[in-house]
Amino acid sequence: MQKAEATILDLKDVTVHRGGVQVLYDINLSVERGEFVGIVGPNGSGKSTLLLTILGELMTRTGTVNLYGHAPATRKLYGKIGWVSQAASNLPKDIRLTVRELVRLGTVNASNMLSFFDQRREERVANAIRLVGLEAVGSTDVSKLSGGQRQRAVIARALASDAEFILLDEPLVGIDRNARNALLKLLDQLCHDEGKTILMVSHDLAAIRQTAHRMIYLEETIRYDGDTAKFPGLEELAALRGIRPVHDHEHGHHHDDHDHSHGPKEDE
């Protein structure tokens, strides 16, 4: 464990309820500066709930969430956190917005809303577009981009805020294999070369294994948290979930439903 000041995120004994139902319990998690952490787990296991709790969109029932030593959603955190939601790249087809304009939205805050152009902000926009490799399409309408380019554009919007900590919810859905690999490479570079910290939720186990330094298997609580290279195989995961192998052939495949990444669906 590094020095305390290198800890960006710290959750202690967190329980979260949604609609009166317990979705997460006994969550203890800390993330250090510069880590690339992948969160995997079955549908409905609480992955998006965890991200929304970290962002302060959902309240904890018990426990504490600390970001840079502050409670979530406080003004002191403005610009430090970049958030790319599942729907971020599903922009309306009829929207008239260039890549540069979309990315510039990431720099808007209450104090500068009325002064849309200033040199510092323009530099941040240009730098974010360069980091995600979209310089050639900066003036292109976002509706004309491929799925992979749109995903890069919304990551650039998060980067344009100068965010140090980037949270991504299923950023790989709907993009083809080449775009996915390029995006994973980009995220890895942001960690290594730009000092960013990344927390990414994905059902694509193979992709996360390729890229993340550390993996968390979440199913209502954290059932594995450690080195990606030591991430358990399918049978161990089944055991973590309390699913025991049975000799009855009819039930023999139940332990395969924890993710959807081991078939051709990864490009869906």
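Described below are features of the structure shown in this document. (Residues numbered from 1 in each chain as written. Predicted model: local features only at pLDDT ≥ 70, side-chain atom pairs only at ≥ 80, totals over all residues. Heavy atoms only, no water.)

Observations concerning the pattern of salt bridges
This model, assessed by the stated rule, comprises eight salt bridges. The closest approach of N and O atoms between Asp204 and Arg180, which form a salt bridge, is 3.2 Å. Here Arg180 lies in helix 5 (residues 177-194) and Asp204 lies in the loop between strand 7 (197-201) and helix 6 (205-211), a separation of 24 residues in the sequence. Like Asp204, the residue Arg180 is buried in the burial classification. Across the pair Asp225 and Arg214 runs a salt bridge, and its minimum N-O distance is 2.7 Å. Of the two residues, Asp225 sits in strand 9 (residues 221-227) while Arg214 sits in strand 8 (residues 214-219), which places them 11 residues apart along the sequence. Within this structure, Glu35, Arg214 and Asp225 form a network of salt bridges that share partners. (Salt bridge = Lys/Arg side-chain N within 4 Å of Asp/Glu carboxyl O. Helix = DSSP H or I, 4+ residues; strand = E, 2+ residues; numbered from the N terminus. Buried < 20%, exposed > 50% of the residue type's maximum accessible area, 1.4 Å probe, protein only.)

Re the environment of Ala158
Residue placement: Ala158 occurs in helix 4 (residues 147-159). Residue Ala158 is classed as buried on the basis of its relative accessible area of 8%. Sequence separation of Ala158 and Gly82 is 76 residues, and the distance between their C-alpha atoms is 4.6 Å. Not counting chain neighbours up to four residues away, the residues in contact with Ala158 comprise Gly82, Trp83, Val84 and Ala163. (Contact = heavy atoms within 4.5 Å.)

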